[in-house]
Amino acid sequence: QVRLVESGGGLVQAGGSLRLSCAASGSIFRINRMGWYRQAPGKQRELVAQIRSGGSTNYADSVKGRFTVSRDSAENTVWLLMNSLKPEDTAVYLCNAGVLTTSAPYEYNFWGQGTQVTVSS
């Protein structure tokens, strides 16, 4: 019903920057929230940053002041600008969205396929 496609991952040196993007398409009535999670090998998936339809944001403590989440509601796109990257930021980053679809009056949770971010020391 709803597809999330990420791009922008890659390999970067510590201290560098990357920008991830995620575009949502499909049977979308309204996107309530979009954001990014990450999962490193052997670790649990964790919320990195999220932005709600009203514009409010929340971030993991470990990325506050370094990462910025933004959104273009008209284009159903969310970005994650990651500055001052550290080796511990290495993970698969997954786009996530809470979506009201055109076929049901409930919010569904959708995931992208993930994009690898590797930060070398």
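In this report, the structure presented in the accompanying data block is examined. Within each chain, residues carry numbers counting from 1 in the order of the written sequence. Residues qualify for local features only when their pLDDT is at least 70, as the model is predicted, and side-chain atom pairs are given and counted only at 80 or more; totals for whole chains, interfaces and linings, by contrast, use all residues. Computation of side-chain values: all heavy atoms of the structure, hydrogens and water removed.

For the rest of this paragraph, the subject is unusual backbone geometry. Its identity as a non-glycine residue notwithstanding, Asn 76 has a phi of 50 degrees, on the positive side. Every helix listed is a DSSP run of H or I at least four residues long, and every strand listed is a run of E at least two residues long, numbered separately from the N terminus. Turning to its location among the elements, Asn 76 is positioned in the loop between β7 (67-72) and β8 (77-82). Overall, the relative accessible area of 19% leaves Asn 76 in the buried class. One non-glycine residue, Ser 84, adopts positive backbone phi at about 50 degrees. Along the polypeptide, Ser 84 turns up in the loop between β8 and β9 (91-101). When accessible area is computed with a 1.4 Å probe and restricted to protein chains, residues below 20% of their type maximum are described as buried, those above 50% as exposed, and intermediate ones as partly exposed.

Turning our attention to the packing of aromatic side chains. Side-chain rings of Phe, Tyr and Trp, where Trp is taken by its six-membered ring, are said to pair if the distance between their centres is within 6.5 Å; with planes under 30 degrees apart they count as stacked, over 60 as edge-to-face, and otherwise as tilted. In the structure shown here, the tally under the stated rule is three aromatic pairs. When the centroid spacing of 5.0 Å and the interplanar angle of 65 degrees are considered together, the rings of Tyr 37 and Trp 111 count as edge-to-face. Of the two residues, Tyr 37 sits in strand β4 (residues 28-39) while Trp 111 sits in strand β10 (residues 107-111), which places them 74 residues apart along the sequence. Accessibility expressed as a relative area gives 35% for Trp 111, which makes it partly exposed. Plain terms: the ring middles of Tyr 108 and Phe 110 are 6.4 Å apart, the flat faces sit at 50 degrees to each other, and that makes the pair tilted. Using a relative accessible area of 34% as the deciding quantity, one classes Tyr 108 as partly exposed. Among the residues examined, Phe 110 registers a relative accessible area of 13% and is labelled buried. Among the aromatic residues, ring-to-ring pairing joins Tyr 106, Tyr 108 and Phe 110 into one connected group. The rule is short: NZ of Lys or CZ of Arg within 6 Å of the ring centre and within 35 degrees of the ring normal puts a charge over the ring. Positioned over the ring face of Trp 111 is Arg 45, at 4.5 Å from the centre of the ring.

In this description, the term disulfide denotes a pair of cysteine sulfurs within 2.5 Å. Here the structure, examined in full by the defined rule, presents one disulfide. Linked covalently through their sulfurs, Cys 22 and Cys 95 form a disulfide whose S-S length is 2.0 Å. Because the torsion about its S-S bond is -85 degrees, the bridge between Cys 22 and Cys 95 counts as left-handed. Of this pair, Cys 22 sits in strand β3 (residues 18-26) while Cys 95 is found in strand β9, placing the two residues 73 residues apart along the sequence. Cys 95 gets classed as buried once you look at its relative accessible area, which sits at 0%.

The next thing to look at is the nonpolar core. Residues belong to one nonpolar core when they are buried, are Ala, Val, Leu, Ile, Met, Phe, Trp, Tyr or Cys, and are joined through side-chain atoms within 4.5 Å. Leu 4, Met 34, Trp 36, Leu 80, Met 82 and Tyr 93 are the most contacted members of the largest nonpolar core, which has 32 residues in total. The set of elements that each furnish at least two residues to this core consists of β1 (2-7), β3, β4, β5 (46-52), β7, β8, β9 and β11 (115-120). Top element by residues in this core is β9. It accounts for five residues.

Moving on, we come to the pairing of β1. Looking along a regular strand, one sees side chains alternate from face to face of the sheet. Here β1 shows a clear split, with Val 2, Leu 4 and Glu 6 buried on one side and none of Arg 3, Val 5 and Ser 7 buried on the other. Pairing between two strands is assigned when DSSP locates at least 2 bridges connecting them. Sheet topology note: the β1/β3 ladder contains six bridges and is antiparallel. Paired with Val 2 across the bridge in β3 is Gly 26.

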